[in-house]
Amino acid sequence: MAIRFTVNGKAQSVDVNPDMPLLWVIRDTLNMTGTKFGCGVALCGACTVHINGAAIRSCITPISSVEGKHVTTIEGISPDHSHPIQRAWLEVDVPQCGYCQSGQIMSAVALLNKTPNPTDAQIEGAMAGNICRCGTYQQIKEAIHKAAGMHGAAKQNAELDQIPQDALAGGAE
Ligand code: FES
Ligand code: FES
């Protein structure tokens, strides 16, 4: 029986065993290989994607449970690497081997969507399930703070755009 859902805004229909993990479907059926296999038992976070905006472990998520839902993978974060998290990741030069990084980024994006200006403790809590064998934890924390700042600046600019120009020029008298 076909299972229907969207991936990065695009409708998908797959005819696979309903128990097949979402990670297998993403990588092997849809040929999107940005999401990684690490442990297969929800312990490392390499396979993190979003379902309806929440970060989940796709290695233990049966495809049948995704019917009618919206999946976002690392390929769907932005078309041109312009998302604040992606820009901050590049500026801080976070990755080493890179294997864990798509999962790290998906968890970080979910965190910032919920908590735009997280504290160190909130970052540590949200990222605790994402393991990095290269030990990039400090850089990840720095990049999340940087992205939060960019997010805030973008919001401020958007608000400034709403202010009537004569007010910015000294006020309408
Ligand atoms: S591969 Fe899914 S948590 Fe490790
Ligand atoms: S960058 Fe190598 S495992 Fe995280």
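As shown above, the structure is provided for reference.
The structure contained in this document is the topic of the report that follows. Just so it is clear, the model here is predicted, and its values are computed rather than measured.

## A short note on a nonpolar patch on the surface
Inference 1: A contiguous nonpolar surface patch, about 300 Å² in accessible area, is contributed by Trp24, Phe37 and Tyr99.
Inference 2: Tracing the backbone shows Trp24 in helix α1 (residues 22-29).

## With respect to the pairing of strand β3 (residues 48-51)
Inference 1: Going residue by residue along β3, you find Thr48 and His50 tucked away on one face and Val49 and Ile51 tucked away on the opposite face as well.
Inference 2: The pairing of β3 with strand β4 (residues 54-57) spans four bridges and is antiparallel. In the sheet register, Thr48 faces β4, and the bridge partner there is Arg57.
Inference 3: Counted along the chain from β3 to the antiparallel partner β4, the turn is two residues long, and its residue Asn52 has a positive phi close to 50 degrees.

## Notes on the pattern of salt bridges
Inference 1: Enumeration according to the criterion identifies two salt bridges in this entry.
Inference 2: The closest approach of N and O atoms between Lys146 and Glu91, which form a salt bridge, is 3.3 Å. You can see Lys146 sitting in helix α5 (residues 137-162) and its partner Glu91 sitting in helix α2 (residues 84-92), a full 55 residues away along the chain.
Inference 3: The partly exposed category is assigned to Lys146, whose relative accessible area is 34%.
Inference 4: Notably, a salt bridge pairs Glu124 with Lys141, separated by 2.5 Å at the nearest N-O pair. Of this pair, Glu124 sits in helix α4 (residues 120-127) while Lys141 sits in helix α5, and the two are 17 residues apart along the sequence.
Inference 5: A relative accessible area of 44% means that Glu124 is categorised as partly exposed.
Inference 6: Accessibility expressed as a relative area gives 15% for Lys141, which makes it buried.

## A word on the environment of Pro116
Inference 1: Mapped onto the secondary structure, Pro116 falls in the loop between α3 (101-114) and α4.
Inference 2: Residue class for Pro116 comes out partly exposed when judged on its relative accessible area of 45%.
Inference 3: With 33 residues separating them along the chain, Pro116 and Gly149 place their C-alpha atoms 8.8 Å apart.

## Some details on the nonpolar core
Inference 1: Membership of the largest hydrophobic core comes to 21 residues, with the highest contact counts inside it found for Ile85, Trp89 and Ile144.
Inference 2: With 15 residues, the next largest nonpolar core counts Phe5, Val7, Ile63 and Val71 among its residues.

## Thoughts on the pairing of strand β1 (residues 3-7)
Inference 1: The buried fraction of β1 amounts to four of the five residues, a majority that puts the element mostly inside the structure.
Inference 2: The pairing of β1 with strand β2 (residues 10-14) spans five bridges and is classified as antiparallel. Within β2, the position partnered with Val7 by the bridge is Lys10.
Inference 3: In textbook terms, the turn of a hairpin is the stretch between consecutive antiparallel strands, and for β1 and β2 this stretch comprises two residues, one of which, Asn8, has a positive phi near 55 degrees.
Inference 4: When β1 meets strand β5 (residues 70-72), the two strands line up parallel, connected through two bridges. From the neighbouring strand, Val7 faces β5, where its bridge partner is Val71.

## Considering α3
Inference 1: Taking 1.5 Å of rise per residue, the 14 residues of α3 would be expected to cover 20 Å, and the 20 Å separating its terminal C-alpha atoms lies within 8% of that figure.
Inference 2: By the criterion of burial, α3 is predominantly enclosed, with twelve of the 14 residues buried.
Inference 3: When we look at burial in α3, the residues that qualify are Gln101, Ser102, Gly103, Gln104, Ile105, Met106, Ser107, Ala108, Val109, Ala110, Leu111 and Leu112.

Reading guide: rules and limits
- Residues numbered from 1 in each chain as written.
- Chains lettered and ligands numbered in written order.
- Predicted model: local features only at pLDDT ≥ 70, side-chain atom pairs only at ≥ 80, totals over all residues.
- Heavy atoms only, no water.
- Patch = residues over 30% accessible without salt bridge, like charges linked within 9 Å, V, L, I, M, F, W, Y side chains within 5 Å.
- Areas by Shrake-Rupley, 256 points an atom, 1.4 Å probe, with all protein chains shown as cover.
- Salt bridge = Lys/Arg side-chain N within 4 Å of Asp/Glu carboxyl O.
- Helix = DSSP H or I, 4+ residues; strand = E, 2+ residues; numbered from the N terminus.
- Buried < 20%, exposed > 50% of the residue type's maximum accessible area, 1.4 Å probe, protein only.
- Pairing = 2+ DSSP bridges.
- Core = buried A, V, L, I, M, F, W, Y, C linked by side-chain atoms within 4.5 Å.
- Expected span 1.5 Å × (residues − 1).

Any functional reading would require information that these geometric values do not contain.
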